[in-house]
Amino acid sequence: GPMVEEFQEKWSSFTGAKHSVAATSCTTALHLSLAALGFGHDDEAIVPAFTWIATANVVEHLGGKVVFCDIDLDTFNINVNQLESRITSKTKAIIPVHLFGLSADMDAINHIAKKHDLWVIEDAACGFGSKYKGKHVGTLGDSGCFSFHPRKAITTGEGGMVTTSNEELASKIVCLRDHGASMSDLQRHLG
């Protein structure tokens, strides 16, 4: 409805994202992002070995394989020095987590992803207000996924958000969020 639309617009303004799509949770946001990008059965995604279980679960739910990468003990984020050694011919995505609001090394991650033609889906569940070189986390990869769970800096009781600069990806995420419908519930209701 109109309140969700307003929230999405405010989130885009706050983060600098071109598109923001509300979801029921960050887990849902991660799942929608991977599904909209075409991630599927037997595809691999690299995930930090220290994160909330949802980061890995979304990969499993889509029939993919989780490939864990160790973390840097100074930041608790994915160790970019080990990242490339985890890439195989089945790798499709890297899911860095901005743990405890501290941004992962996005320049290195994006460089490796570009070199190997991989998607980057940022798990920014704890990234509210966090920036990397002046840009809000969640706006540096193909998509960013945020949480509004009660233990987060802001909450909607539950809830999540996907951010992306890719209009086609945003449209696919909206469609998947709405059970494959190309017209939202609000549009159908106003009809």
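Our structure is the block above this text.
Residues numbered from 1 in each chain as written. Predicted model: local features only at pLDDT ≥ 70, side-chain atom pairs only at ≥ 80, totals over all residues. Heavy atoms only, no water.

Caption draft 1: Quick look at a nonpolar patch on the surface. Taken together, the side chains of F50, L73, F76 and F100 define a hydrophobic patch exposed on the protein surface, amounting to about 460 Å² of accessible area. Mapped onto the elements of the fold, F100 is located in the loop between β4 (91–94) and α5 (106–115). For F100, a relative accessible area of 60% translates into the label exposed. (Patch = residues over 30% accessible without salt bridge, like charges linked within 9 Å, V, L, I, M, F, W, Y side chains within 5 Å. Areas by Shrake-Rupley, 256 points an atom, 1.4 Å probe, with all protein chains shown as cover. Salt bridge = Lys/Arg side-chain N within 4 Å of Asp/Glu carboxyl O. Helix = DSSP H or I, 4+ residues; strand = E, 2+ residues; numbered from the N terminus. Buried < 20%, exposed > 50% of the residue type's maximum accessible area, 1.4 Å probe, protein only.)

Caption draft 2: Expanded view of the nonpolar core. The biggest cluster of nonpolar side chains holds 25 residues, and the ones touching the most others in it are L30, L34, V59, I95, I121 and I173. Mapped onto this core, the elements with two or more residues apiece are β1 (19–23), α2 (26–37), β2 (44–48), α3 (54–61) and α6 (167–177). At seven residues, α2 tops the list of elements feeding residues into this core. Excluding its chain neighbours within four sequence positions, the residues that come into contact with I95 are L30, L34, A45, I46, V47, P48, T55, V59, I121 and D123. Grouped together as the second largest cluster of nonpolar side chains are 17 residues, I46, V80, L83 and L118 included. (Core = buried A, V, L, I, M, F, W, Y, C linked by side-chain atoms within 4.5 Å. Contact = heavy atoms within 4.5 Å.)

Caption draft 3: Representation of the state of the cysteines within the structure. Counted under the stated rule, the structure contains zero disulfides. This cysteine, C69, is not joined by any disulfide, and C145 carries the nearest cysteine sulfur, 19 Å off. For C69, a relative accessible area of 0% translates into the label buried. Of all cysteine sulfurs, the one in C26 lies closest to C126, which takes part in no disulfide; the gap is 8.5 Å. C126 gets classed as partly exposed once you look at its relative accessible area, which sits at 26%. (Disulfide = S-S within 2.5 Å.)

Caption draft 4: Examining the pattern of salt bridges more closely. In this structure the tally under the stated criterion is five salt bridges. Between K10 and E6 there is a salt bridge; the shortest N-O distance is 3.1 Å. Here K10 and its partner E6 are both found in helix α1 (residues 2–15), four residues apart, which amounts to about one turn of the helix. E6 gets classed as partly exposed once you look at its relative accessible area, which sits at 34%. Across the salt bridge formed by E168 and K172, the nearest N and O atoms sit 3.6 Å from each other.

Caption draft 5: Seen up close, the environment of M106. Checked against the element boundaries, M106 lands in helix α5. Note on M106: relative accessible area 1%, which makes it buried. C-alpha separation for the pair M106 and V120, spaced 14 residues apart in sequence, amounts to 9.5 Å.

Caption draft 6: Region of the structure containing the packing of α2 against α3. Contact geometry of α2 with α3 gives a least axis separation of 9 Å together with a crossing angle of 40°. Relative to α3, the element α2 is oriented oblique. Of the two elements, α2 crosses α3, and the hand of that crossing is right-handed. Facing α2, whose interface residues are T27, L30, H31 and L34, α3 presents A54, T55, V58, V59 and H61. Here the contact of α2 with α3 is composed, by residue class, of five nonpolar, four polar and no charged. (Axes fitted to C-alpha atoms, helices over the stretch in contact; angles between N-to-C directions. Parallel < 35°, antiparallel > 145°, perpendicular 65-115°, else oblique. Left-handed = near helix turned anticlockwise from the far one by under 90°. Nonpolar A, V, L, I, M, F, W, Y, C, P; charged D, E, K, R; others polar.)

Caption draft 7: Spatial organisation of the sheet that holds β2. Spatially, the seven strands line up as an open sheet ordered β1-β9-β8-β5-β4-β2-β3, and their pairing is mixed. Edge positions in the sheet fall to β1 and β3 (65–69), since each of these pairs with one other strand and no more. In this sheet, adjacent strand axes meet at a mean angle of 25° when their direction is disregarded. Where β2 and β4 come together, three bridges link them in parallel fashion. Across the sheet, I46 pairs through a bridge with I94, a residue of β4. α3 contacts β2, β3 and β5 (119–123) of the sheet and is inclined by roughly 150° relative to β3. (Pairing = 2+ DSSP bridges.)

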